[in-house]
Amino acid sequence: MLDDSSPAGPDRRNFVSKAASIVLGGLAVIVAPVAGLLTVFDPLRRKGDTRGLVRVTSLAALPEGGEPRKFPVLDTLVDAWNRTDNVPVGSVYVQRTGPDTVRVLNSVCPHLGCSVGFNAATRGYFCPCHKSRFALDGAIADPNSPSPRAMDALDAMVKDGEVWVKFQNFRKGSPDKIPV
Ligand code: FES
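Predicted model only: the values in this text are computed from it and were never measured.

Trainee: Lay out the overall build of the chain in plain terms, naming residues and giving numbers.
Mentor: The helix and strand inventory of the chain stands at two helices and nine strands. For the chain, with 180 residues in total, the buried portion stands at 29%. Taking as baseline every contact in the chain between residues at least 6 positions apart, the subset at least 24 positions apart corresponds to 47%.

Trainee: An account of the environment of Glu 162 is requested, with residue identities and associated values reported.
Mentor: By secondary structure assignment, the location of Glu 162 is in strand S9 (residues 162-165). A residue is classified by how much of its surface remains accessible, and Glu 162, at 23% relative accessible area, is partly exposed. Sequence separation between Glu 162 and Thr 57 is 105 residues; the distance between their C-alpha atoms is 6.1 Å. Other than its neighbours up to four places away in sequence, Glu 162 contacts Arg 55, Thr 57, Ser 58, Leu 59 and Met 157. A polar contact is formed between the side chain of Glu 162 and the side chain of Arg 55, at a distance of 2.4 Å.

Trainee: Break down the pattern of salt bridges for me, with residues and values.
Mentor: Scanning the entire structure with this criterion turns up four salt bridges. Put simply, Glu 64 and Arg 96 hold a salt bridge, and the shortest N to O gap is 3.8 Å. Pair noted here: Glu 64 is in the loop between strand S1 (54-58) and strand S2 (69-78) and Arg 96 is in strand S3 (residues 83-98), with a separation of 32 residues, a long-range link. Assessed through its relative accessible area of 16%, Arg 96 is described here as buried. Measuring nitrogen to oxygen at the nearest pair gives 2.8 Å for the salt bridge that ties Arg 149 to Asp 152. Taking the relative accessible area as the measure of exposure, Arg 149 reaches 7% and is therefore buried. Among the residues examined, Asp 152 registers a relative accessible area of 3% and is labelled buried.

Trainee: I'd like a description of the packing of aromatic side chains, backed by residues and values.
Mentor: Per the counting criterion, the structure on display carries two aromatic pairs. Between Tyr 93 and Tyr 125 the ring centres are 4.9 Å apart and the planes differ by 65°, which places this aromatic pair in the edge-to-face class. Pair noted here: Tyr 93 is in strand S3 and Tyr 125 is in strand S6 (residues 124-126), with a separation of 32 residues, a long-range link. Pair check on accessibility: Tyr 93 and Tyr 125 agree, each one buried. Between Phe 118 and Tyr 125, the aromatic rings sit 5.3 Å apart at their centres with planes inclined by 65°, giving edge-to-face as the arrangement. The same class applies to Phe 118 as to Tyr 125, namely buried. An aromatic cluster is defined as three or more aromatic residues linked by ring pairs; in this entry it consists of Tyr 93, Phe 118 and Tyr 125. A cation sits over an aromatic face here: Lys 177 above Phe 170, 5.0 Å from the ring centre.

Criteria and cut-off values
Every chain's residues receive numbers from 1 upward, in the order its sequence appears when written. In keeping with the predicted nature of the model, local features appear solely for residues at pLDDT of at least 70, side-chain atom pairs appear and are counted solely at 80 or more, and the whole-chain, interface and lining totals rest on all residues. Here the side-chain values reflect all heavy atoms present in the structure, with hydrogen atoms and water set aside. Helix and strand definitions here come from DSSP, where helices need a minimum of 4 consecutive H or I residues and strands a minimum of 2 consecutive E residues; each element is numbered from the N-terminal end. For the exposure calls, accessible area comes from a 1.4 Å probe over protein chains only, and a residue counts as buried if that area is under 20% of its type's maximum, exposed if over 50%, partly exposed in between. Should any heavy atoms of two residues lie within 4.5 Å, those residues are counted as being in contact. Throughout this description, a polar contact denotes any pair of N or O atoms lying within 3.5 Å of each other; where both atoms belong to protein, one of them has to be capable of donating a hydrogen while the other can accept it, and for residues adjacent in sequence the pair is counted only when both atoms sit in side chains. Any Lys or Arg side-chain nitrogen found within 4 Å of a carboxyl oxygen on Asp or Glu counts as a salt bridge. Only Phe, Tyr and Trp rings are paired, with Trp represented by its six-membered ring, and only when their centres lie within 6.5 Å; those with planes under 30 degrees apart are stacked, over 60 edge-to-face, the remainder tilted. By definition, being over a ring means that NZ of Lys or CZ of Arg is both within 6 Å of the ring centre and within 35 degrees of the ring normal.

Here it is, written out as structure tokens:
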């Protein structure tokens, strides 16, 4: 007569461990390719997604054909212990360029980092520190400007009447736009 209360023998333990290995191996075979496909098609999944973007204003605050307006960029900073909302991380100029399109420029001068101003009279940007001048689209407007590159344009998206910006700072004093 068999005794069911007897401890599992080596054969039974081997069977359980082999079965577990097969199940886990099978899961790995299925999960890995699916995860890979999700990564490959991630940009498609994110179309219209505001992750990584910061809301800066509503479209209604920007008249069509109007001048650029300056807005602070407030972001959420998270470290291992804290989450702090509405932390100022910079500022941007936003100009409406069409019914649902905007142009966004980082307000920091690419020369040495002063804050660029907008001159309504000349419809252009200027930096008070060393007199760099920029056109409405951020291009260098004066060849004598010490700035080594145009103002830094930022990726932006209009969604549900709100303007979202991928805020980024870039290395100062460099002719190349290098994220920092
Ligand atoms: S910091 Fe703007 S011109 Fe020098």
